[in-house]
Amino acid sequence: MRLLTVSATAMALAACGPGQSAPPATTTPPPAVANNAVAQLCDQLHGALSDWRIQTPSLTHPALNVLVQAWGLQNGVTAQIIGNRALVDDVTMKQCAQTRTEALTALELPSFAAGLIGLG
């Protein structure tokens, strides 16, 4: 399979004339996460804080993953999270920075992206 990919790439580049390069790939930025979806995530994080403050990371880290995965599925943003785990950090920094800080402290994590397993 790898040889086939390399061969296809070589053929595509060979098809370009001298001095020409392959056309640039088009990239589309991911759609923004709706404010109401981010508010829902912030509410869920805030609701989990009391448990996370008294539990160990061996319990809280899986709980974070379940919370974020369920939120992503419910709001249609799972693909965005898989493509960019820092998305959770980005949206919570903008909408609920204090809750984000408290959650990361309770989780003993530097970022939500650092705690997300199996997403991206």
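Residues numbered from 1 in each chain as written. Predicted model: local features only at pLDDT ≥ 70, side-chain atom pairs only at ≥ 80, totals over all residues. Heavy atoms only, no water.

1. Quick word on the packing of helix α2 (residues 35–54) against helix α3 (residues 57–75)
Contact pair α2 / α3: the axes reach a minimum separation of 11 Å and the direction vectors enclose 160 degrees. By the angle between their axes, α2 is roughly antiparallel relative to α3. Crossing of α2 against α3: the hand is right-handed. Facing Ala37, Val38, Gln40, Leu41, Gln44, Leu45, Ala48 and Trp52 of α2, the residues of α3 in contact are Thr60, Ala63, Leu64, Leu67, Trp71, Gln74 and Asn75. Residue classes in the contact of α2 with α3 are distributed as ten nonpolar, five polar and no charged. (Axes fitted to C-alpha atoms, helices over the stretch in contact; angles between N-to-C directions. Helix = DSSP H or I, 4+ residues; strand = E, 2+ residues; numbered from the N terminus. Parallel < 35°, antiparallel > 145°, perpendicular 65-115°, else oblique. Left-handed = near helix turned anticlockwise from the far one by under 90°. Contact = heavy atoms within 4.5 Å. Nonpolar A, V, L, I, M, F, W, Y, C, P; charged D, E, K, R; others polar.)

2. Remarks on the confidence of the model for the chain
Residues with a pLDDT of 70 or more make up 72% of the chain, whose mean pLDDT is 80. Per-element confidence in the chain ranges from a low mean pLDDT of 38 for helix α1 (residues 2–15) to a high of 97 for helix α6 (residues 97–107). Under a pLDDT of 50 for its full length, residues 1–17 has, in the predicted model, three contacts with residues more than four places off or in other chains. Confidence drops under pLDDT 50 across residues 20–30; counting only partners more than four residues distant or on other chains, this segment forms four contacts. (pLDDT = per-residue confidence, 0-100.)

3. Details of the pattern of salt bridges
Within the structure shown, the criterion is met by two salt bridges. Between Glu102 and Arg53 there is a salt bridge, with the nearest N and O atoms lying 2.5 Å from each other. In this pair, Glu102 is assigned in helix α6 and Arg53 in helix α2, connecting sequence segments 49 residues apart. Close ionic contact of Asp89 with Arg100 constitutes a salt bridge, the shortest N to O distance being 3.1 Å. Taken together, the residues span a long stretch of sequence, with Asp89 in helix α5 (residues 87–95) and Arg100 in helix α6 at a distance of eleven residues. This pair shows no difference in class: Asp89 is buried, exactly as Arg100 is. (Salt bridge = Lys/Arg side-chain N within 4 Å of Asp/Glu carboxyl O. Buried < 20%, exposed > 50% of the residue type's maximum accessible area, 1.4 Å probe, protein only.)

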